[in-house]
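Tertiary structure, described
What follows is the residue order along each chain.
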Amino acid sequence: MCFDKAKCKCVYLGTKILDHTYRIGGVLGSSESKKELGVVVDNQLHVNFQSSAAENRNRSKRKPCEVWGENPKQNDWRRVDDWPVGMKNIGNTCWFSAVIQSLFQLLEFRRLVLSYSLPQSMLENCQSRSEKRNIAFMQELQCLFALMLGTHRKFVDPTASLELLKGAFKSADEQQQDVSEVTHKLLDWLEDAFQLSVNVNSPRDKSENPMVQLFYGTFLTEGVHEGKTFSKIETFGQYPLQVNGYRNLNECLEGAMVEGEIEPLPSDQSVKYGQERWFTKLPPVLTFELSRFEFNQSLGQPEKIHNKLEFPQIIYMDRYLYSSKEIIQRKREETRKLRKQIAILQQKLERYMKYGSGPSRFPLPDMLQYVLEFASTKLPLVVPSAQDSQMTPAQSPAESSTLINPPSQQEFMSKPPQPSCLPAEMPECPAPRVITEEEMSLVRTCLQRWRSEIEQDIQDLKDCITRINQSIGQMYGDPVLRQVPYCLHAVLVHEGQANAGHYWAYIYDQPRKSWLKYNDISVTKSSWEEVERDSYGGLRNASAYCLMYINDKLSHFIAETGQFQKEVELLPSELQNYIQEDNWRLEREVEEWEQEQSCKIPQIEPSTPSESQDFTSESGQGNTRSVCFCEHSICSLSSEHARIAKDQTAQAIANTADAYEKNGVEAALYKAFHEEYSRLYLLAKETPTPHSDPRLQHVLIYFLRNNAPKQVVERTLLEQFADRNLSYDERSISIMQVARGKLKEIGPDDVNMEEYKKWHEDYSLFRKVSVYLLTGLELYQNRKYQEALTYLVYAYQSNATLLMKGPNRGVDESLIALYRRKCLLKLNDMAAALFVSSAEADVLEGINILNELIIPCMHLIINNDISKDDLDAIEVMRNRWCSYLGQEDMDANLQMKLGELLPRLLDCSAEVIILKEPPKIRPNSPYDLCSRFAAVMESIHGAAPVTVK
C-alpha cells in the first residue's frame, strides 16, 4: 500500500510490545528491510494454474499413516456433505488458521480471491520481487480456497501459503505470530496484488482496489492543539481499541473517538482541548483490534489483559459517523452532565456507606443497628447458690445490698462502678451495666427512626443513580441512530499469556444460522453462550483478540444453502481440475491405508498349556505375507481363544459320558456342542452388573452379545472341541478327532475367513482393553499415577476402535475417561509442584512428566470427540501453568523454561506426539480375570485399594 505514514498510525497489538508503530500500507512497503523479506521466485514469472497445481500436488503428498493416525475413525479424514473444513496446524500456525477461516467465510472476499486473474502481458512485465511474491501468494491462496470449497477431506494443508507468508517476518518460523500482525501483512500483499489488475495507468490511485473498498474506511479528526484548531482525514483498516478501563465495545469506541475535555481558560473564551474522531466512510467489513497486551515496565516483559469486555452481535455505528455529528455532540454533552450528577450522588452515597472519622469506616445503618443491639443487650441474671447466699467475710453489708438493689442513676453517676479485677466476673458479651426503661425506650426510638431515615436516603440515592444510568443507556436508542447496523461475523480468540498461547475463531454461519468454532482441523457447532464464555474474558485465560463485523444491509455478503457447490461449479477449469485431482489422491491414500491396515494381523506368541495369553500385537511385513501365513495367524488366534476356554469345554465333554457309551463319539460331540451352546447363549442374555462382565468368561458370549454371524459362532465353538489341549482320556481324544475332521470339511464358501479373523481380533482387543483398564485402576488406587495413566490412555484409544463397531464391543468408555482425567489432574499437580520447587532435579522431573505424559495425553483427548468434563480438566491444567507467568518470585531461568513449555501445552495440535506403550500384561484364565474384574470394580466404589498381582 502507499498510504501516507502520518495517516496510518496503528497501535501494535502483538507479542513484541511497542509504543506505536506505523504498520499499514506503504510504510512496510517502502522500508529497506522489506526488500530482504521476499521469497525466491524465478525471474520469468510465467505461472499458470496448472503448474501451481502440480507444485501443490507434490507438496501436499503425505504418508497415509502420518495423517490418519494409528486408530483412525472414518470421520477423522472425510468431509461430511458441505460442512466447512478445518486447517492443519503445521507448527504454531493456529494464528494463520484463525485469520484465513475468518476471511474465507466472507462471501465477497472469497469471490474476489477465486476470480483473481492477470493478463499474460502483465505477468511477463512483473520485475520486482514483491510483485512476484504477491502474485505467487495470491495463486497459492486461490488453490487453498478452492480446496476449502470442494475438497472431500475434513481439513486442508496450508503449507504452501504459509511458506510464502512466513518469509515476510523477521521472527523465527517456529515463533507464533499474533492475529493482527498476520492480518496486516496478508491484506498488504492482497491489496498490492489486486492493484496490479486495476488502474494500471495510475498505480497510486487505490480507489478502485477491491481490498481497499472491502476493508478500508476513513475518519475525520478535529481538535485543538496549543490553541490552534486542526482537521485531517485519515485512512484506517483494522481499527485499534484499548480494553483497559472499559466494560463493553461501545465504551471502547467512545474512548477512542473522544479525547480531552472542554475547560475554561483564564480569558473569557472556552476552548476545546483534545480532539474528536468521526467516521466519514465505513468499510463493508469493519475490523476491531482489541489491545489485550501491555508492557510491564517493572518486569520488563509483556502481559496479557484478562479484563472482561462485552461486545454485541449487532452494533449500530450511527453514533460514530460524521453525518450524526450535531446530534451526537448534544447527546455527549447530556451524557457528560448526567455522569457528573452520578459522580455527585456517588460521593453522597459513599458518605453513608463509609461512615466515620477514623481509618476504619462502616455503613451508617449497620452502625446504628449495632448500637441498638448493644443497648438492648441485658446482663445475664445470676441466681445465687446456697453457698453464695451467705456473705463472705470480705463482703460488707453495703456491698451485699448493692447486688440486690442497684444504685440510682444519681448514685451511679457520682460513683462510677469499679472494674472487676477477676476476668471470670466479666460479662460474656458487651452490654450496658445500668440502663433504665425510660432510657432504653428513648434510645430505641431514636436509633430506629434514624436508621429508617438513613436507609431511605440510601435507597433514594441508589434509585436516582439507577434512573440516570438508564437514561444514559437509552441515550443512543433513538431510531434515527439505528440506521447503520453491523453484524458480528467472526471472533478471533487467544488463550494463554502474552508470550505463548493458542488461537481459534468463532464464525457465524449464515445458511445454518449458527455459530461454528474453527479450531485448527476441527470445525464444530457452537453457540452464542460459548462465544461469550470464551471471548469476553475475565473468567479464564481466553478472550477475544479481534472482532470482525459486516454491514448488515449488504445483501451480496449473505451466503445461501448449498453455496459451496454453486461456487465450485463457477470456478475456472484449472481450479476445478485441481480439486478433482486432490479428491482422487484422497481416495488413493485411503485405499493404501486400508491395504496397510489389513496386513496388520495381531500375532500371538507361541504358548504352551502352562503359559498365559500375551495381549500384545505387532504389525506384519506388509504385502510380503503369504495367504498361508495369514491363515495360520487366524488359526493361532482362534486356537488361543479355544485354549483359554479349555476348562469349560472339558466340563462340557465330561457331561457326555452317557451319550458316548450308548451312541458313540459323534452323538457325544453333538450333545456337548448343543449343551455348551445353550449354556453360553443363556449367559449372553444375562444383564451385566457393575461388578461382573460375562463377556470375559468366553469368546462366544462376546460373539453372541454382539450378534456375530451364525457361521462364525458355530465354527468357533467347533474349534473349542478340536483343541489339542483336551487330550485327557480316550473320550476327549475321540471327540477332538471328530471335531477336527468336521473342521476340515468346512470350506471357504461356508465361512468368510476374513470376517472370522476380524471377530477374533476384536475379542482379543476387548480382553486387552479390559486388562489395561483393570491394571490402570489398580495402579491409580495405589497412587502410581504415571504407570496408571499409560494403561488407561491405551485402554481408551483401543476401546474407541471397538465401540465404533457397536456399543457392546468394548467396555464402559466413561469409566476409563473418568480415571484417565483423574490421573491427568494428579500428575499435573505433581509436575507443577516439582517445577516450582526450583530444585534442578525436581524441575527436570516435572518437565519430563509434562512432556512424556501430560502433553501427549492432552493431544489425544483434544483431537478426538472431547467431552465437557475433559475440556474443563484441560482448562484447569492449562490455567495452573499460565498462572506462573510473570511471578516476581520465580527464577528467570524457570520463566524461560515455562515460556518453552506453554506453546506445546496450549497448542497441542501443533505436533504429533507418540505415547509410550505400557508394559505387556499376561492375564490368567478367564475365571481369574472375572474375579479380578469383580474385585477392582468393588474397590473403586468402596475406595479400598487393590493389590496389583
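Further up the page is the structure itself.
A quick note: this is a predicted structure, and the numbers were derived from the prediction, not measured. In this numbering scheme, every chain counts its residues from 1 along its sequence in written order. In view of the model being predicted, local features appear only for residues whose pLDDT reaches at least 70, and side-chain atom pairs are presented and counted only at 80 or more, with totals across whole chains, interfaces and linings using the full set of residues. Excluded from the side-chain calculation are hydrogens and water; included are all heavy atoms of the structure.

Now for the overall build of the protein chain. Secondary structure elements are defined from DSSP: runs of H or I of at least 4 residues count as helices, runs of E of at least 2 residues count as strands, and each element is numbered from the N terminus. Assigned secondary structure in the protein chain consists of 33 helices and 20 strands. Relative accessibility decides the category of a residue: with a 1.4 Å probe and only protein chains considered, values under 20% of the type maximum give buried, values over 50% give exposed, and everything between is partly exposed. Within the protein chain, the proportion of its 949 residues that are buried is 48%. Any two residues whose heavy atoms approach within 4.5 Å at even a single point are treated as in contact. Nonlocal contacts in the protein chain, meaning residues at least 24 apart in sequence, comprise 74% of its contacts between residues at least 6 apart. The accessible surface values rely on the Shrake-Rupley method and a 1.4 Å probe; as for residues, cover is taken only from the protein chains in view. Element-wise, carbon and sulfur atoms account for 51% of the exposed surface of the protein chain, whose accessible area totals about 48300 Å².

In this section: the packing of helix H25 (residues 710-721) against helix H26 (residues 730-745). In this analysis an axis means a line fitted to C-alpha atoms, helices contributing only their contacting stretch, and an angle means the value between N-to-C directions, from 0 to 180 degrees. Packing of H25 against H26 brings their axes to within 8 Å, and their N-to-C directions diverge by 145 degrees. Here H25 runs over H26; the crossing is left-handed. Contacts between H25 and H26 pair Arg715, Leu718, Glu719 and Phe721 from the former with Ile735, Met736, Ala739, Lys742 and Leu743 from the latter. When residue character is reported, Ala, Val, Leu, Ile, Met, Phe, Trp, Tyr, Cys and Pro are called nonpolar, Asp, Glu, Lys and Arg charged, and the others, Gly included, polar. For the contact of H25 with H26, the class distribution of residues is six nonpolar, no polar and three charged. By definition, turning the near helix anticlockwise from the far helix through less than a right angle yields a left-handed crossing, and turning it clockwise yields a right-handed one.

Burial analysis of strand E20 (residues 542-551) places 10 of its 10 residues in the buried class, which makes it a mostly covered element. Should DSSP find at least two bridges between two strands, the strands are taken to pair. Direction of pairing for strand E12 (residues 285-291) relative to E20: antiparallel, over a ladder of five bridges. If you follow Thr287 over to E20, its bridge partner there is Met548. In this sheet, E20 lies alongside strand E16 (residues 485-497) in antiparallel orientation, the contact comprising nine bridges. When the sheet's bridge partners are listed, Tyr486 is paired in E20 with Asn551.

In terms of nonpolar packing, the biggest core is built from 93 residues, with Phe703, Phe721, Phe835, Ile854 and Trp881 touching the most fellow members. Sorting elements by how many residues they give to this core places helix H27 (residues 753-781) first, with 12 residues. Where each domain starts and ends comes from a domain assignment, either automatic or drawn from a database. Residue assignment places this core across two domains, with domain 2 (636-751) and domain 3 (768-924) each supplying three or more. In this structure Phe721 touches Thr649, Ala652, Ile653, Leu669, Ala672, Phe673, Glu676, Leu726, Ile735, Met736 and Ala739, once residues within four positions along its chain are discounted. Membership of the second largest hydrophobic core comes to 70 residues, among which are Met87, Tyr116, Ala490 and Tyr518. By convention a nonpolar core is built from buried Ala, Val, Leu, Ile, Met, Phe, Trp, Tyr and Cys residues, the set being connected through side-chain atoms within 4.5 Å.

Before going further, it helps to examine the packing of aromatic side chains. The geometry of an aromatic ring pair is captured by two quantities: the separation of the ring centres and the angle between the planes. Pairing of aromatic side chains requires ring centres within 6.5 Å, counting the rings of Phe and Tyr and the six-membered ring of Trp. Pairs whose planes differ by under 30 degrees are stacked, by over 60 edge-to-face, and all others tilted. What the rule picks out here adds up to 30 aromatic pairs. Ring geometry for Tyr116 against Phe194: centres 5.0 Å apart, planes inclined by 75 degrees, an arrangement best described as edge-to-face. In this pair, Tyr116 sits in the loop between helix H5 (107-114) and helix H6 (120-125) while Phe194 sits in helix H9 (residues 179-195), placing the two residues 78 residues apart along the sequence. With respect to burial, Tyr116 and Phe194 carry one shared label: buried. On the basis of an interplanar angle of 40 degrees and a centroid distance of 5.9 Å, the ring pair of Phe219 and Phe236 is categorised as tilted. You can see Phe219 sitting in strand E5 (residues 217-225) and its partner Phe236 sitting in strand E6 (residues 228-236), a full 17 residues away along the chain. Judged by its relative accessible area of 3%, Phe236 is buried. In this analysis the charged atom, NZ for Lys or CZ for Arg, is taken to sit over a ring once it is within 6 Å of the ring centre and within 35 degrees of the ring normal. Across from the ring centre of Tyr476, 3.7 Å away, lies the NZ or CZ of Arg319, which sits over that ring. Positioned above the aromatic ring of Tyr796, the side-chain terminus of Arg820 is 4.0 Å from the ring centre.

Residue Asp81 is not a glycine yet carries a positive backbone phi of 50 degrees. Inspection of the secondary structure puts Asp81 in the loop between helix H3 (64-68) and strand E3 (86-87). Residue classification places Asp81 among the exposed residues on the basis of a relative accessible area of 71%. The backbone phi angle of Asp520 is positive, close to 55 degrees, even though this residue is not glycine. Residue classification places Asp520 among the buried positions, given a relative accessible area of 2%.

This part is about a nonpolar patch on the surface. Taken together, the side chains of Tyr677, Tyr681 and Leu682 present a nonpolar region at the surface, about 300 Å² in accessible area. By secondary structure assignment, the location of Leu682 is in helix H23 (residues 665-685). On the accessibility criterion, Leu682 (57% relative accessible area) is exposed. For patch building, the residue pool is restricted to those with more than 30% relative accessible area and no salt bridge; the joining distance is 9 Å between like charges and 5 Å between nonpolar side chains (Val, Leu, Ile, Met, Phe, Trp, Tyr). Put simply, a salt bridge is a Lys or Arg side-chain nitrogen that is within 4 Å of an Asp or Glu carboxyl oxygen.

Structurally, the position occupied by Ile90 is in the loop between E3 and helix H4 (94-104). Its relative accessible area of 28% is what places Ile90 among the partly exposed residues. Placed 68 residues apart in sequence, Ile90 and Pro158 show a C-alpha to C-alpha distance of 8.2 Å.

Our next topic: a negative patch on the surface. Positive charge is attributed to Lys and Arg, negative charge to Asp and Glu, and no charge count is given to His or to the chain ends. The atoms used to mark charge sites are NZ of Lys, CZ of Arg, CG of Asp and CD of Glu. Among the surface-exposed residues, Asp658, Glu661, Asp729 and Glu730 lie close enough to one another that they form a single negatively charged patch. Along the chain, Asp729 turns up in the loop between H25 and H26.

Turning next to helix H17 (residues 528-535). Among the residues of H17, those classed as buried are Trp528, Glu530, Val531, Asp534 and Ser535. Looking straight down H17, one finds that the buried residues subtend no more than 155 degrees of arc, so they occupy a single side. Considering only its buried residues, H17 is in contact with E16, strand E17 (500-509), strand E18 (514-519) and E20. At the C-terminal side of H17, Gly537 shows a positive phi close to 85 degrees. Each C-beta atom gives one direction from the helix axis, and the arc is the one those directions make.

For the rest of this paragraph, the subject is the pattern of salt bridges. Applying the stated criterion across every chain, the model contains 36 salt bridges. Across the pair Arg319 and Glu254 runs a salt bridge, and its minimum N-O distance is 3.1 Å. Pair noted here: Arg319 is in the loop between strand E15 (314-316) and helix H12 (325-353) and Glu254 is in helix H11 (residues 249-257), with a separation of 65 residues, a long-range link. Each member of the pair, Arg319 together with Glu254, is buried. Across the salt bridge formed by Arg585 and Asp582, the nearest N and O atoms sit 2.8 Å from each other.

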